[in-house]
Amino acid sequence: MFIKGRGKMESVLVDNAKVMTKGQITLPKDIRETLGVDAGGRVTLIGRAGYVVMMNSAVYAMQMLQQAMEGEAQNASLNSEDDVVNLIMDMRSEGSL
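Caption draft 1: Region of the structure containing the pairing of strand S4 (residues 51-56). Where strand S3 (residues 43-48) meets S4, 6 bridges bridge the pair, whose relative direction is antiparallel. Residue Gly-47 lies in a different strand from S4, and its bridge partner there is Val-52.

Next up, the structure:
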């Protein structure tokens, strides 16, 4: 299935799952593959006004970390790769690393 969104055609995977008596569902194979999860893997469910987004939990955690850290490099005056290298060298010489 293709859906037009944000000025481009986007491939969207649509599938169904039956909700069992204990509220459990079985994720279809193509959805598990798309999310990159196997048996025992974890997914994060995000509910929004009438729909739910399902994500690989590791991917979701990384996105949340990136959002939380946004701008912190600039706050620490780390504006270039050289600044980062110099910080690491300073920390190593002080025995912090």
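On we go from here.
Caption draft 2: A look at helix H4 (residues 81-93). Counted at 1.5 Å a residue, the expected span for H4 with its 13 residues is 18 Å, and the 18 Å between its end C-alpha atoms agrees. Immediately downstream of H4, the backbone of Gly-95 shows phi near 80°, a positive value.

Caption draft 3: Region of the structure containing the side chain of Asn-56. Along the chain, the position of Asn-56 falls in strand S4. At 3.0 Å, the side chain of Asn-56 forms a polar contact with the backbone oxygen of Leu-35.

Caption draft 4: The arrangement of unusual backbone geometry in detail. Unlike most non-glycine residues, Ser-77 shows phi in positive territory, near 60°. Tracing the chain through its elements places Ser-77 in the loop between helix H3 (72-75) and H4. A relative accessible area of 49% places Ser-77 in the partly exposed class.

Caption draft 5: Inspection of helix H2 (residues 57-69) at higher detail. With 13 residues, H2 ought to run about 18 Å at 1.5 Å a step, and its terminal C-alpha atoms sit 18 Å apart, in line with that. N-cap assignment for H2: the residue whose side-chain oxygen lies 2.8 Å from the backbone N of Ala-58 is Asn-56.

Caption draft 6: Quick look at a nonpolar patch on the surface. Taken together, Val-43, Leu-45 and Val-52 make up a surface patch of nonpolar side chains, about 260 Å² in accessible area. The topology assignment puts Leu-45 in strand S3.

Conventions we followed
- Residues numbered from 1 in each chain as written.
- Predicted model: local features only at pLDDT ≥ 70, side-chain atom pairs only at ≥ 80, totals over all residues.
- Heavy atoms only, no water.
- Pairing = 2+ DSSP bridges.
- Helix = DSSP H or I, 4+ residues; strand = E, 2+ residues; numbered from the N terminus.
- Expected span 1.5 Å × (residues − 1).
- Polar contact = N/O pair within 3.5 Å; in protein donor to acceptor, adjacent residues only side chain to side chain.
- Buried < 20%, exposed > 50% of the residue type's maximum accessible area, 1.4 Å probe, protein only.
- Patch = residues over 30% accessible without salt bridge, like charges linked within 9 Å, V, L, I, M, F, W, Y side chains within 5 Å.
- Areas by Shrake-Rupley, 256 points an atom, 1.4 Å probe, with all protein chains shown as cover.
- Salt bridge = Lys/Arg side-chain N within 4 Å of Asp/Glu carboxyl O.

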